[in-house]
Amino acid sequence: MRQVTVALPSNGVDRSYEVVVGHGARARVGEVVGSSGGVRRAAVVTQEGIPLSVGDLGLDGVSVSRHVIGDGEDHKSLDTVGRLCREFVEAGLTRSDVVVAVGGGMVTDVAGFAAASYHRGIAVVHVPTSLLGMVDAAIGGKTGVNLPEGKNLVGAFWQPAGVVCDLDALDTLPEREMRCGLGEMAKYHFLTGDDLQAMTLVDRVARCVQIKAEIVASDERESGRRALLNYGHTLAHALEVASQHSIAHGEAVAIGLVFAARLAERLGRIDTARVDDHCRVVESEYSLSAHIPPVGTADELVALMARDKKAIDGLTFVLDGPDGVEVVAGVDAEVVRDLLADLLSS
Ligand SMILES: NC(=O)c1ccc[n+]([C@@H]2O[C@H](COP(=O)([O-])OP(=O)(O)OC[C@H]3O[C@@H](n4cnc5c(N)ncnc54)[C@H](O)[C@@H]3O)[C@@H](O)[C@H]2O)c1
Ligand SMILES: [Zn+2]
């Protein structure tokens, strides 16, 4: 079992929390919930098909209610949050009680936002059950829901009181969901000098949590450094849109990481050996595809990457370089397009 302390900048109030990572960690949920102090009720928010039952969570001594939300992004909505909050009233949840989110990133985002809103904010403990949830969604305090107009348009920054990652939950995770988590995990291999490949899964998840937590702590509200977590995401977002989301996020990130490495090489920032490192992690270590599928022309993909950003002065990418991964603005769109065209035709 590993324990990572997430330290957050405070104004005199201690807002740091623990992340427990390990096989069988589910039994520690009760302890983490109890550490909030004064908790009498726990509202467990989950989905059908999540392999952790309420009885597994060690929630002895508190009164537990269970709240099931629908599966899929359509249910990541204000309607679901409204329904949950009404159920919390029904269950008698007070300001000193706690919401326990048990599921993938969708559950932790929705339950986190419900917790942030209910009584103007009550404690939430995240128990992510997908790999993406463990290394990404449950860490960092971003919560929220979709609107018909777009994803994650309504939400709040709401830090959890604790996070419990039980790796045994991954045994039932569908293969494609696992691949998506691995795509996101792959990016952490390049954000620090750590040799993640040499680590066991427990250590690796714990290290990813720590890397994300450290970056978020230095930039809780996403102004600068947090953008490093978007490594591989510029092309990834374009591919998701161009494919009408038939390419899943984590799969797209895997492709985007190798593309970002090739772009950095073309810009003279890194050498071929470093590009090979990217290919090795993505393709050999995680068996993910780095091949850019023909979902659009090079021009279309560049146009998508330039969207919502002011592209007049070039594109903004997160790129590897002599000083490590950093945000680089003003990347020449011609260079990006030529590289894409070469890769699409190869
Ligand atoms: N808050 C953040 O910082 C942040 C970061 C990244 C992603 N997200 C959000 O996370 C969501 C994606 O999360 P996700 O990839 O975990 O998808 P998800 O939560 O939709 O889960 C994918 C599927 O796997 C199922 N599942 C989850 N754990 C399982 C398990 N152990 N066994 C069997 N089935 C299981 C779910 O029920 C669902 O059907 C998106 O809504 C995204 O916006 C948030
Ligand atoms: Zn991502």
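Residues numbered from 1 in each chain as written. Chains lettered and ligands numbered in written order. Predicted model: local features only at pLDDT ≥ 70, side-chain atom pairs only at ≥ 80, totals over all residues. Heavy atoms only, no water.

### A short note on the site of ligand 1
At step 1: Not every one of the 25 residues close to ligand 1 is listed here, only the nearest: Gln-47, Asp-71, Glu-73, Ser-130 and Thr-172.
At step 2: Contact between ligand 1 and Lys-76: an oxygen atom at 2.8 Å from a side-chain N or O atom of the residue.
At step 3: A distance of 3.3 Å is found between an oxygen atom of ligand 1 and a side-chain nitrogen or oxygen belonging to Asn-152.
At step 4: Taken by itself ligand 1 offers 860 Å² of open surface, and the protein chains cover 85% of this.
At step 5: Its residues assigned to classes, the shell around ligand 1 comprises eight nonpolar, eight polar and nine charged. (Near = heavy atom within 4 Å. Polar contact = N/O pair within 3.5 Å; in protein donor to acceptor, adjacent residues only side chain to side chain. Areas by Shrake-Rupley, 256 points an atom, 1.4 Å probe, with all protein chains shown as cover. Nonpolar A, V, L, I, M, F, W, Y, C, P; charged D, E, K, R; others polar.)

### What to know about the coordination of the zinc ion (ligand 2)
At step 1: Listed as protein donors to the zinc ion (ligand 2) are Glu-184 (OE), Glu-184 (OE), His-233 (NE2) and His-249 (NE2); their distances from the metal cover 2.1 to 2.7 Å.
At step 2: Coordination geometry of the zinc ion (ligand 2): the four donor atoms subtend angles of 50 to 129° at the metal centre, consistent with an arrangement described as irregular.
At step 3: All donors to the zinc ion (ligand 2) come from one chain, and their sequence spacing reads E-x48-H-x15-H. Residue Glu-184 is located in helix 5 (residues 175–191), and its partner His-233 is located in helix 7 (residues 233–242); the two are separated by 49 residues in the primary sequence. One exposure class covers both Glu-184 and His-233, and it is buried. (Donors = N, O, S within 2.8 Å, 3.2 Å for Na, K, Ca; no water. Tetrahedral: all angles 85-135°; square planar, octahedral: opposite > 155°, others 65-115°. Helix = DSSP H or I, 4+ residues; strand = E, 2+ residues; numbered from the N terminus. Buried < 20%, exposed > 50% of the residue type's maximum accessible area, 1.4 Å probe, protein only.)

### Quick word on the environment of Leu-57
At step 1: Summarising the element assignment, Leu-57 is placed in the loop between strand 3 (41–46) and strand 4 (63–68).
At step 2: Residues Leu-57 and Val-102 lie 45 residues apart in sequence; the distance between their C-alpha atoms is 9.8 Å.
At step 3: Excluding its chain neighbours within four sequence positions, the residues that come into contact with Leu-57 are Arg-26, Ala-27, Val-29, Gly-30, Val-44, Leu-52 and Val-102. (Contact = heavy atoms within 4.5 Å.)

### So, the nonpolar core
At step 1: Residues Val-19, Val-205, Phe-259, Met-305, Phe-317, Val-336 and Leu-340 are the most contacted members of the largest nonpolar core, which totals 76 residues.
At step 2: In terms of residues, this core owes the most to one element, helix 8 (residues 249–266), which gives 11 residues.
At step 3: Sequence-distant contacts of Leu-340, that is, excluding residues within four places in its chain, are made with Leu-235, Phe-259, Ile-292, Ala-298, Leu-301, Val-302 and Met-305.
At step 4: Counting residues in hydrophobic clusters, the runner-up holds 21 residues, among them Ile-69, Val-99, Phe-113 and Tyr-118. (Core = buried A, V, L, I, M, F, W, Y, C linked by side-chain atoms within 4.5 Å.)

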